[in-house]
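The lines below spell out each chain.
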Amino acid sequence: MWQNSFKDTSWTDRNDGENNTKIPLDRCPWCGGRLEYVDNAFCCSNDDCTFEEGLPVRLCDEDIYNYPPTLLFGTVDKFASIAHKVSTTKMGDDSRRLFGKGKNLNVLPPDLIIQDELHLLIGPLGSAVSLFECAIDQLCTRDDGTRPKIISSTATTRNTDLQIRTLYDRNLNIFPKNGIDYDDSFFAFYRRTENNNHFESKRKYIGIMPTGRTQMTTQMRLSAILFVHRALFEIGHQDEKDFEKVADNYYSIISYFNSLKEVGKTDALFYIEYVKYLRRLYKRVLRNGDLMECYYAGELTESEISGRLSASDVNKTFTEVATHWTLKNRLPHKEGEKWVRAILPPDYILATNMISVGLDVSRFNTIIMNSMPRNIAEYIQASSRVARNVHGLVITSHNPFRSRDVSHFEKFREFHEKLYYYVEPISITPFSKKSVEKYFSLYMAALIRHSFKELADGNSAKNLTTDELKKNVHDKVMAYIYNRYSRTMNLPVELELQKGLLTEDLKNNIEAFVDDALDQWETIAKTTIDLVYKAAPFRGKKPYLFIAPDAYDDEREQSSWTVPTSLRIVEPEAVLHVKVK
Ligand SMILES: [Zn+2]
């Protein structure tokens, strides 16, 4: 699910050589030919290709709802939209179709759910997602009670059984199981060195703790050392057969930051201060003023992979950082008849936790971690971006003014020897009072609009006026909670934490919340005419039920129906308008 409707997928022609498209699909996966976007479909430009008429991919919500696909990729963020898009008349606006229901459709709901990067579903986001999973679970359950199978993947996890119980209300089965030997599970085994039987790793961690220097200075000096080493390597190895390949693997350096503020700071210093340090060091070590100095101590280039990128910049940056370093590309050169510009990958890549998920570029083999990330799982994920294929180096620069960093440095070796042991246990509390207040209405909205035909459409909020319907809605919403409560209570005594997820107290709190919310809804429906679910800011002024999370405080406090349109707004943000006179 990429964009909401066809008009959002608009394709900009790339005759200027730049990839301006919003859709990250460029080449035909079958034959490798260029793809052309014709009539909302991707067609292969190769005349002989099977997919000349179009690839069987659907790109926007509208198209996906019209033709529910066999395999659907999405982010949890998209969950929120199923509370808002239900329609009994327009198929393109009806998310019920994803679950096999809706106009002219009566097929089985999805029966396999695959959740990648499970370790990200923690904290407030985890709680929001858990409540949503309750709705998804019910919508995917078949009439005979068969629930969907859920497979999750992650490399960094602790108390996974609790996390799975909280998110999906299921028992956990870890795969692959340990084999007869601890480090050999048949599917995978730990590699050991031949001579002393030590674990062999392609990744080397080096810890650095500056004294009497700020972290910023340390960072610049470290980077300068790494930059100069590229020149030293070329001088020593340029005649070797694999030189180009090796140089490519270590040309770009990633610098990982824990906050956008630090990225901004470094960005501001990069082109002047970093270059200054680099030139000083270069002159001290190498002294030669030939072309090498231009290559390695002239201009520096940087790229940024962080949340500051707009969606369209992401593609551009990813292409940039994946460009290979070659000797030929250092200078403008002739390719056939045409002259092409010198294109090199960036020297320095400023990154935040955005790189920790799924970015897999084999060129990245050096990373500087600027102080310890907030949790160990993040440290493992981020530093694992290097050494995917060849050996890689992780330099962790500890901040001497943060006691947590100092402590990590003091136990650097011990800590890295059992890195996974230190992954923090997760905490998700979907049924806590705060979480119910914040997200339960989103769960209710999704479930009610999907389950009751008379309450499905955007303008049918006005129909909740009879006590009978209200009772049915209440029973539907609460049935799952009652069942879940009894399942939780029936867990064995030793699973104390899992049993604490939904206590009687919390269950009663939920019921009170539901009663209150339905009363409010009924009152508004009875006292106003034409109640709709969502406010339409530019089309008349019909009374509406759902309050956006960024609405005014008093409006939000009066209503139990704060229904966000995106799970990204886990914490509210303030918008600042600057008026230029
Ligand atoms: Zn093709």
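A short tour of the structure in this document, coming up. (Residues numbered from 1 in each chain as written. Predicted model: local features only at pLDDT ≥ 70, side-chain atom pairs only at ≥ 80, totals over all residues.)

With that settled, the discussion passes to the environment of Phe-187. Relative to the assigned elements, Phe-187 resides in the loop between α3 (160-168) and β5 (203-208). For the pair Phe-187 and Lys-177, spaced 10 residues apart in sequence, the C-alpha separation works out to 9.2 Å. (Helix = DSSP H or I, 4+ residues; strand = E, 2+ residues; numbered from the N terminus.)

Moving on, we come to the packing of helix α12 (residues 433-451) against helix α15 (residues 504-527). Orientation of α12 relative to α15, taken along the N-to-C sense of each, is 50°, at an axis distance of 11 Å. In terms of orientation, α12 and α15 fall into the oblique class. By crossing handedness, the relation of α12 to α15 is classed as right-handed. Judged by residue contacts, Lys-433, Val-436, Phe-440, Ser-441 and Met-444 of α12 engage Asn-509, Ile-510, Phe-513 and Ala-517 from α15. Counted by class, the contact of α12 with α15 contains 6 nonpolar, 2 polar and 1 charged residues. (Axes fitted to C-alpha atoms, helices over the stretch in contact; angles between N-to-C directions. Parallel < 35°, antiparallel > 145°, perpendicular 65-115°, else oblique. Left-handed = near helix turned anticlockwise from the far one by under 90°. Contact = placed C-beta atoms within 7 Å. Nonpolar A, V, L, I, M, F, W, Y, C, P; charged D, E, K, R; others polar.)

Here the focus is unusual backbone geometry. One non-glycine residue with positive phi stands out, namely Glu-117, at about 50°. Mapped onto the fold, Glu-117 is located in the loop between β3 (112-115) and α2 (123-140). Under the C-beta neighbour-count criterion, Glu-117 is labelled partly exposed, with 17 such atoms within 10 Å. For Phe-186, which is not a glycine, the phi torsion comes out positive at approximately 75°. (Buried ≥ 20, exposed ≤ 12 C-beta atoms within 10 Å, placed from the backbone.)

To continue, consider the pairing of strand β11 (residues 366-370). Counting buried residues along β11, 5 of its 5 residues qualify, which places the element largely inside the surrounding structure. By the alternation rule, side chains of β11 split into Thr-366, Ile-368 and Asn-370 and Ile-367 and Met-369, which are all buried. When strand β6 (residues 253-256) meets β11, the two strands line up parallel, connected through 3 bridges. Each bridged residue has a counterpart across the sheet, and for Ile-254 the counterpart in β11 is Ile-367. Here β11 pairs with strand β12 (residues 392-397) via 5 bridges, running parallel. Bridge pairing in β12 links Thr-366 to Leu-393. Taken together, β11, helix α9 (residues 376-383) and β12 constitute a β-α-β crossover, and its handedness is right-handed. (Pairing = 2+ DSSP bridges. Right-handed = clockwise from strand over helix to strand, strands pointing away.)

Let us look at α3. Taken together, the buried positions of α3 are occupied by Gln-163, Ile-164, Arg-165, Thr-166, Leu-167 and Tyr-168. Buried residues along α3 sit against α2, β4 (149-152) and α14 (496-499). Positive phi appears at Asp-169, one or two residues downstream of α3, with a value of about 55°.

What follows concerns the packing of helix α13 (residues 467-489) against α15. Where α13 meets α15, the axes come as close as 11 Å, and the angle between the chain directions of the two elements is 165°. One way to sum up the angle between α13 and α15 is to call them roughly antiparallel. Crossing handedness for the pair α13 and α15: right-handed. Here α13 contributes Lys-470, Val-473, His-474, Val-477, Met-478, Ile-481 and Tyr-485 to the contact with α15, which in turn contributes Lys-507, Ile-510, Glu-511, Val-514, Leu-518 and Glu-522. When its residues are assigned to classes, the contact of α13 with α15 shows 8 nonpolar, 1 polar and 4 charged.

Moving on to the pairing of β12. With 5 of its 6 residues buried, β12 lies for the most part within the structure. Summarising the sheet, β5 and β12 pair through 6 bridges and their orientation is parallel. From the neighbouring strand, Arg-203 faces β12, where its bridge partner is Gly-392.

Bringing the nonpolar core into the picture now. Residues Phe-132, Leu-442 and Tyr-443 are the most contacted members of the largest nonpolar core, which totals 59 residues. Elements supplying a minimum of two residues to this core: α2, α3, α12, α13 and α15. If we ignore the near neighbours within four places in the chain, the residues touching Tyr-443 are Leu-131, Phe-132, Cys-134 and Ala-135. Among the nonpolar cores identified, the runner-up in size contains 24 residues, and Phe-364, Met-369, Met-372 and Ala-382 belong to it. (Core = buried A, V, L, I, M, F, W, Y, C linked by C-beta atoms within 7 Å.)

Moving on: the environment of Phe-199. Topologically, Phe-199 is positioned in the loop between α3 and β5. Classification of Phe-199 as exposed rests on a count of 10 C-beta atoms within 10 Å. For the pair Phe-199 and Leu-506, spaced 307 residues apart in sequence, the C-alpha separation works out to 47 Å. For Phe-199, the residues in contact, after removing those within four places along its chain, are Tyr-190 and Arg-192.

Structurally, the α-helix is built with 3.6 residues per turn, so residues lying three or four positions apart point the same way. Given a rise of 1.5 Å per residue, 23 residues ought to cover 33 Å, and the 31 Å separating the end C-alpha atoms of α13 matches this to within 8%. Along α13, the sharpest kink reaches roughly 35°, centred on Met-478. Among the residues of α13, those classed as buried are Val-473, Val-477, Tyr-485 and Thr-488. Turning to α13, the residues buried within the fold contact α12, α14 and α15. (Expected span 1.5 Å × (residues − 1). Bend = angle between axes of the 7 residues up to and from the residue.)

Turning our eyes to something else, we now look at the sheet that holds β11. As summarised here, the arrangement of the 6 strands in space is β5-β12-β11-β6-β10-β7, forming an open sheet in which the pairing is parallel. Single-partner strands in this sheet number two, and they are β5 and β7 (302-305). Across the sheet, the axes of successive neighbouring strands diverge by a mean angle of 20°, strand direction being ignored. In terms of strand pairing, β6 meets strand β10 (residues 348-351) through 4 bridges, oriented parallel. Bridging from a neighbouring strand, Tyr-256 pairs with Ala-351 of β10.

Geometric values such as these leave the question of function open.
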